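Examination of the molecular architecture
Residue-level listing of the chains:
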Amino acid sequence: MSLTIDITSLPDERLIFTPSPLAEMSAMLHVLGEPAHHPERHGWAASTTASVPPALAERLAEADFLWRSSRADFLVPGIPGATLADELDAVDRIDDEQYVRAALVLTCGASRLAHRITSPLTDPVAQERARELALARGPRQADFADRLLTDPTAVRALVRRMLEDCAEAFFADAWRRVLPDLAADARRKTDLLVRRGAAEALAAVSSSVALEDAGGGRRRIVVDKLQDNATNGAGAGGVTFIPTAFGRPHLVVVHTAGWRPVVQYPLAEDGVPEPVSLAVVQQRLEALAHPVRLRLARTIARGPHTTGELAAAWQLSAPEVSRHLAVLRKAGLLVTHRRGRYMLYRLDLAGSARLGTDLLEAVLR
């Protein structure tokens with residue numbers, strides 16, 4: 001599974017690395033809406049939630065589906081501005097049709113809604129379908145969808161005012177703290193792009209992002225996510241990469257047709273391992289799913305064992321044990337060392353302990 005962005009014929013200079021205040025604000029709002037996704041931000045989330053004025057907290061709760069499970073496309077700008085006001089002005093210039101479609105995708109919980117309907121503002125059938133889907137999600141979503149379809153101008157103004165109030169309540173201070181690191185990271189990636197090319201710049205974004213030669217002169221960016229989607233960066237005039245301090249472990253990708261592709265990626269942090277690929281996570285889960293391998297893992301977790309010792313302990317043949325150990329070893333779950341002419345196997349406790357975290361990060365990525 002992966003999400004791909006076609007960049008055939010796109011010059012490297014159309015890959016842009018830059019911070020975005022609106023994208024970072026949406027990442028912060030997501031942390032406040034889903035603190036369980038971001039245990040390292042629990043302190044910030046708790047203190048910020050406690051300090052937000054009650055009236056603003058109520059308004060945020062009414063609209064949190066715009067950033068809670070995913071992010072509305074207009075909250076992750078394709079062409080970031082220098083200030084939050086600049087980016088909100090750019091959002092204001094989006095026509096009602098495109099804005100409403102982007103909001104309804106989140107409000108209705110239907111990722112393909114925008115592609116199935118003709119016009120959510122003028123087609124009664126599309127409006128009824130949108131209202132049905134929103135009601136299935138809950139009364140708040142239904143109320144928001146109804147107001148959005150009835151008076152999009154008023155709703156857009158309310159959302160902008162709410163984001164401006166967030167800037168005053170908590171975002172401005174947090175943004176001042178993180179902007180230097182975000183700007184420095186964007187400069188490093190841009191310099192790497194100029195000096196070493198797109199492949200190395202993308203590899204530096206995340207181990208989950210790569211440049212792939214698709215054959216026939218075609219190039220595409222491949223993002224390792226639990227999605228099967230494709231979009232065209234060349235047709236959209238480029239691809240934007242936005243570093244985030246609050247977004248880990250998410251790797252947000254805007255890929256809706258008609259929008260410039262955007263990848264919001266978490267800053268690298270000392271002591272935080274690179275994300276493990278979905279293929280590796282799946283391989284490890286499958287390796288441990290077999291009852292015999294699970295029993296072997298239990299034994300070698302308690303200390304190093306040879307193939308013969310494991311065979312005797314579990315009344316298996318040595319070749320059978322070897323086959324199971326080979327699967328565990330290929331999945332990166334074993335550590336080996338030699339003692340004379342014997343090979344000793346033990347469980348990689350650190351790697352195994354991360355399996356739950358790796359799985360969660362892969363799901364949330």
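Further up the page is the structure itself.
One structure accompanies this document, and this report is about it. Keep in mind the model is a prediction, meaning the values are calculated, not measured.

A separate point is the overall build of the protein chain. A tally of regular secondary structure across the protein chain gives 16 helices and 10 strands. Overall, the protein chain is about 75 × 50 × 45 Å in size when its C-alpha atoms are taken along their principal axes. Counting only residues that meet the buried cut, the protein chain has 47% of its 365 residues in that class. When contacts within the protein chain are restricted to residue pairs at least 6 apart in sequence, long-range pairs at least 24 apart make up 69% of them. Positive and negative charge centroids in the protein chain, built from 44 and 44 side chains respectively, lie 10 Å apart.

Trp44, Leu66, Phe74, Phe144, Phe170 and Phe246 are the most contacted members of the largest nonpolar core, which totals 59 residues. For this core, the element with the highest residue contribution is helix H9 (residues 152-196), accounting for 12 residues. Residues contacting Phe170, with those up to four places away along its chain left out, are Met28, Leu29, Leu32, Trp44, Thr48 and Val52. If you look at the next biggest cluster of nonpolar residues, it comprises 21 residues, including Leu3, Leu202, Val209 and Ile221.

Mapped onto the elements, Arg177 comes out in helix H9. Counting along the chain gives 61 residues from Arg177 to Gly238, while the straight-line C-alpha distance between them is 29 Å.

Attention shifts here to the packing of helix H11 (residues 278-289) against helix H16 (residues 355-364). Orientation of H11 relative to H16, taken along the N-to-C sense of each, is 135°, at an axis distance of 10 Å. By the angle between their axes, H11 is oblique relative to H16. Where H11 crosses over H16, the two elements pack in a sense that is left-handed. Where H11 abuts H16, its residues Leu278, Val281, Arg284, Leu285 and Leu288 lie against Leu355, Asp358, Leu359 and Ala362. For the contact of H11 with H16, the residue count by class is seven nonpolar, no polar and two charged.

Scanning all chains against the criterion turns up 24 salt bridges. Of the charged contacts in the structure, one is a salt bridge between Arg147 and Asp143, with a shortest N-O distance of 3.2 Å. With Arg147 and Asp143 both in helix H8 (residues 139-150) and four residues apart, the pair spans about one turn of that helix. Using a relative accessible area of 30% as the deciding quantity, one classes Arg147 as partly exposed. On the basis of relative accessible area, Asp143 is assigned to the partly exposed category, the value being 41%.

Within the secondary structure, Asp224 is located in the loop between strand S4 (218-223) and strand S5 (228-232). A polar side-chain atom of Asp224 sits 2.9 Å from a polar atom in the side chain of Arg365. Apart from residues no more than four positions distant in its own chain, Asp224 is found in contact with Met1, Ser208, Val276, Ser277, Leu278 and Arg365.

With mixed pairing, four strands are arranged side by side in an open sheet as S3-S4-S1-S5. Since the sheet does not close on itself, it has two edges, and those belong to strand S3 (209-215) and S5, each with one partner. Between one strand axis and the next, the sheet turns by 25° as a mean value, whatever way the strands run. Together, S3 and S4 form the strand contacts of helix H10 (residues 198-205), whose direction differs from that of S3 by roughly 140°.

Bringing helix H4 (residues 84-92) into the picture now. Every α-helix winds through 3.6 residues per turn, so residues three or four apart in the chain are directed the same way. Taken together, the buried positions of H4 are Leu84, Glu87, Leu88 and Val91. The buried side chains of H4 occupy one side of the element, clustering within an arc of 100° when seen end-on. Looking at the packing, one finds that the buried side of H4 touches helix H1 (21-33), helix H5 (96-108) and H9.

Cut-offs used in this document
Residues numbered from 1 in each chain as written. Predicted model: local features only at pLDDT ≥ 70, side-chain atom pairs only at ≥ 80, totals over all residues. Heavy atoms only, no water. Helix = DSSP H or I, 4+ residues; strand = E, 2+ residues; numbered from the N terminus. Buried < 20%, exposed > 50% of the residue type's maximum accessible area, 1.4 Å probe, protein only. Contact = heavy atoms within 4.5 Å. Lys, Arg positive; Asp, Glu negative; His and termini not counted. Charge placed at Lys NZ, Arg CZ, Asp CG, Glu CD. Core = buried A, V, L, I, M, F, W, Y, C linked by side-chain atoms within 4.5 Å. Axes fitted to C-alpha atoms, helices over the stretch in contact; angles between N-to-C directions. Parallel < 35°, antiparallel > 145°, perpendicular 65-115°, else oblique. Left-handed = near helix turned anticlockwise from the far one by under 90°. Nonpolar A, V, L, I, M, F, W, Y, C, P; charged D, E, K, R; others polar. Salt bridge = Lys/Arg side-chain N within 4 Å of Asp/Glu carboxyl O. Polar contact = N/O pair within 3.5 Å; in protein donor to acceptor, adjacent residues only side chain to side chain. Pairing = 2+ DSSP bridges. Arc of directions from axis to C-beta.

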